[in-house]
Amino acid sequence: MDKISHDLQRAAQSARPGDTGFDYLIVGAGFAGSVLAERLARELNQRVLIVDKRPHIGGNAYDRYDDNGVLIHPYGPHIFHTNSEDIFEYLSRFTEWRPYQHRVLASVDGQQVPMPINLDTINKLYGLNLTSFEVEKFFESVAEKKDEIKTSEDVVVSKVGRELYNKFFRGYTRKQWGLDPSELDSSVTARVPTRTNRDDRYFADKFQAMPRHGYTRMFEKMLDHPNIKVMTNTDYREIVDLVPWKHMVYTGPVDAYFGYKFGKLPYRSLRFEHVNVPKEQFQPVGTVNYPNDYGYTRISEFKHITGQEHPTTSVVYEYPCAEGDPYYPVPRPENAELYKRYEAEAENTPNVTFVGRLATYKYYNMDQVVGQALATFKRLQQAREAERSEDAALAAPAGA
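So, a few notes on the structure that sits alongside this text. The numbers attached to residues start from 1 for each chain and follow its sequence in the written order. Note on the predicted model: pLDDT of at least 70 is required for a residue's local features to be given, and 80 or more for side-chain atom pairs to be given and counted; whole-chain, interface and lining totals, by contrast, use all residues. As a rule here, side-chain values come from all non-hydrogen atoms in the structure, and water together with hydrogens is ignored.

**Quick look at helix H2 (residues 31-44)**
Secondary structure follows DSSP: runs of H or I at least 4 residues long count as helices, runs of E at least 2 residues long count as strands, and numbering of each begins at the N terminus. Multiplying 1.5 Å by the helix residue count minus one yields the expected span of that helix. Under the 1.5 Å per step criterion, the end-to-end length of H2 is 19 Å for 14 residues, consistent within 8% with the ideal 20 Å. For each residue, the accessible area found with a 1.4 Å probe, counting protein chains only, is set against the maximum for its type, and the residue is called buried under 20%, exposed over 50%, and partly exposed in between. A large share of H2 lies buried, amounting to twelve of its 14 residues. Considered for burial, the residues of H2 that qualify are Phe31, Ala32, Gly33, Ser34, Val35, Leu36, Ala37, Glu38, Arg39, Leu40, Ala41 and Leu44. Two residues or fewer past H2, Asn45 is found with a positive phi of approximately 55°.

Right, here's the structure in full:
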């Protein structure tokens, strides 16, 4: 037996003396995998091995202190928001919260104006003094009527017209996706509201907050259980045959699991340029979008988001790209059809459960991934209870 296999079996035995192997092998230590690891270990007393090919837990939500001592998000800003009290209460077991409402400005026509578009956006952009009622009439006057909303372009021009679409959405979307909004599903721009009041919050959810001590600390507490063994810097394929396990939870790219047998699912990726600036504040809000200028789409400043006090500040420039880590599934009909073929394969794969953004080829917010993982746990729990009831019935003496 090699050293890795020996260490894994020893870890499993320490979780439950006398047994070998793990009940669950979980691939990926982001939200989906970590929530399931915690639930399975704590609620069902299952032995869990969670592996991640990156050198850290937390997935894309991982945060750390940079060389200057500023807390940053290496994979871009992650802002937690949800309308689900259950999801917020669940995560509150592992972190205290710092209230935070994200605000975004867009650099348009030489000005920085609120995004999503609201009353102040229109008044500042055009030098007007409209009321909420008047701006609603303004939107109606410039909107283009559409009999059917099919594309992301249709969504925007039917709400705010062609000029605002060109100023705020078309360039940003083309940079972000490498495609014109007319080529993308309506879901891309439908996520961004248009407001007739002065609400300048980017999100309107009931719960908006950041983990007070960071996401990584929250994940560490989530995975701090004697039944959970964590392995980073590990491709699951390196250890999948080294130690016994009963069920796999897979949160990686579904096409990769099946060896790309039907072809690769298209994703957009991001390149991050992190910069420390020798002053206390770089920009007035957490994020400034650049829909029409420069190669990057936005600049985010972390101290707005984390609330950290520090004499310098750190920002990140985001450059969308075609190659790199998979971030955003490309929402086009042909890609949805390709995913359906992988989905059918996944449903017919015994002893493997597919969970999370990459495994289900959907762009979920963080709270949605947590919700999906909690729902998956309930299904696994019910299946286990059904198996135990069936075993008990088979073991019962005849005629009992």
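**Observations regarding the sheet that holds strand E2 (residues 48-51)**
The pairing criterion for strands is at least two bridges between them, as found by DSSP. The five strands are arranged E10-E2-E1-E11-E17 in an open sheet whose pairing can be described as parallel. Of all the strands in the sheet, just strand E10 (228-231) and strand E17 (352-354) have a single pairing partner and so form its edges. Within this sheet the neighbouring strands show an average axis-to-axis angle of 20°, counted without direction. Throughout, a residue-residue contact means that at least one pair of heavy atoms, one from each residue, lies within 4.5 Å. Geometry is summarised by axes, namely lines fitted to C-alpha atoms with helices restricted to the contacting stretch, and by angles between N-to-C directions that run from 0 to 180 degrees. Against the sheet, H2 touches strand E1 (22-27), E2, E10 and strand E11 (245-250), its axis set at about 170° to E2.

**Here we look at empty space enclosed by the protein**
Definitions used throughout: a 1 Å grid over protein atoms alone; a cavity as a set of points that fits a 1.4 Å probe which cannot get out; a pocket as an open set with protein on both sides within 12 Å along at least five of seven lines; a lining residue as one with an atom within 4 Å of a point. Grid points are joined across faces, edges and corners, and a volume is the space filled by probe spheres set on the points. The full count for this structure, using the stated rule, is one cavity of 30 Å³ or more. Roughly 50 Å³ of volume is contained in the largest cavity. When its residues are assigned to classes, the lining of the largest cavity shows five nonpolar, two polar and one charged. Gly is placed with the polar residues, together with every amino acid not listed as nonpolar (Ala, Val, Leu, Ile, Met, Phe, Trp, Tyr, Cys and Pro) or charged (Asp, Glu, Lys and Arg).

**Considering the packing of helix H4 (residues 119-126) against helix H6 (residues 152-177)**
Contact geometry of H4 with H6 gives a least axis separation of 13 Å together with a crossing angle of 95°. Judged by the inter-axis angle, H4 sits roughly perpendicular to H6. Across the interface between the two elements, Thr121, Ile122, Leu125 and Tyr126 from H4 touch Glu163, Leu164, Lys167 and Phe168 from H6. Our angle categories are set so that under 35 degrees counts as roughly parallel, over 145 as roughly antiparallel, 65 to 115 as roughly perpendicular, and the remainder as oblique.

**Describing the pairing of E2**
Every other side chain in a regular strand lies on the same face of the sheet, so the side chains alternate between the two faces. The two faces of E2 match: Val48 and Ile50 on one face and Leu49 and Val51 on the other face are all buried. In terms of strand pairing, E1 meets E2 through four bridges, oriented parallel. Within E2, the residue paired with Val27 across the bridge is Val51. Inspection of the sheet shows E2 paired to E10 by four bridges, in the parallel sense. Within the sheet, the bridge partner assigned to Leu49 lies in E10 and is Lys229.

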